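The residues making up each chain are set out below.
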Amino acid sequence: MVLTLMLRCVPRHFTLQDLLGDLDPVLPTMDVNFVHLPQDARRSGNITLAFLSFESQEAASRAAIACSGRKWSGSPGSPACLVTAARIQGFEENLAHYLRRAARPGHGGGPPLLLRGGRPMSLQDAVAAMGVSLPTGSVAAVSQQLLPKYPTLVPGAECVPLPRWVRTG
């Protein structure tokens, strides 16, 4: 079952805000629960990949169709978006993968946007709600290291403006 998509050929200069703004017109009501645009610690910008996870296979399928072959706004020379199934599938698995990577020394990537029911959720709430164990250390041990570094991902904190399909009220 495919729940998480990998978007390739994201323009290197795109920020998470740029990605969300670009996808906003084609993902108006999708059940997105995880959006991550990993950053390149050695270069300025992202690694040209984005990961989006969805609540259902149907939502992921609709998003794949909507995004596949789409030209990125503000980057006319960039290749069109290529969409594939991500190697890691689902919200909890993607969050666990992110936590393991973020706990490594020298991790320069920013945090993912986490959503439940279309509403942003903090990293603390997501870790508490996971209910899964991480292969390398416990959630508590990893989150103890991460929480000072990534306090929250909710409006009002250091985060990007949310697209219209994210419910805030």
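Use the structure listed above.
Keep in mind it's a predicted model, so treat the numbers as computed, not measured. (Residues numbered from 1 in each chain as written. Predicted model: local features only at pLDDT ≥ 70, side-chain atom pairs only at ≥ 80, totals over all residues. Heavy atoms only, no water.)

Novice: Can you tell me about the nonpolar core, naming the residues and giving the values?
Specialist: By size, the foremost hydrophobic cluster in this structure holds 24 residues, and its most contacted members are L7, L19, L23, V35, L52, F54 and W72. Contributing elements (two or more residues each) for this core: strand 1 (4-8), helix 1 (16-23), strand 2 (32-36), strand 3 (49-54), helix 2 (57-67) and strand 5 (113-116). For L19, the contacting residues outside a window of four places in its chain are F14, V35, L37, A50 and W72. Residues A86, L95, L99 and M121 belong to the second largest nonpolar core, which totals 15 residues. (Core = buried A, V, L, I, M, F, W, Y, C linked by side-chain atoms within 4.5 Å. Buried < 20%, exposed > 50% of the residue type's maximum accessible area, 1.4 Å probe, protein only. Helix = DSSP H or I, 4+ residues; strand = E, 2+ residues; numbered from the N terminus. Contact = heavy atoms within 4.5 Å.)

Novice: I'd like a description of the packing of aromatic side chains, backed by residues and values.
Specialist: The relation between two aromatic rings is expressed through the spacing of the ring centres and the mutual angle of the planes. By the definition in use, this model includes 1 aromatic pair. Ring geometry for F14 versus W72: centroids 5.7 Å apart, planes at 80°, classification edge-to-face. One end of the pair, F14, is in the loop between strand 1 and helix 1; the other, W72, is in the loop between helix 2 and strand 4 (82-85), with 58 residues separating them in the sequence. Judged by its relative accessible area of 3%, F14 falls in the buried class. Note that R116 overlies the ring of F91, its terminal NZ or CZ placed 4.2 Å from the centroid. (Phe/Tyr/Trp six-rings, centres within 6.5 Å; stacked < 30°, edge-to-face > 60°. Lys NZ or Arg CZ within 6 Å of the ring centre and 35° of its normal.)

Novice: Give me helix 1: which residues, what numbers.
Specialist: Those residues of helix 1 not exposed but buried are L16, L19, L20, D22 and L23. End-on view of helix 1: buried residues confined to an arc of 165°, all on one side of the axis. Elements that come into contact with the buried residues of helix 1 comprise strand 1, strand 2, strand 3, helix 2 and strand 5. (Arc of directions from axis to C-beta.)

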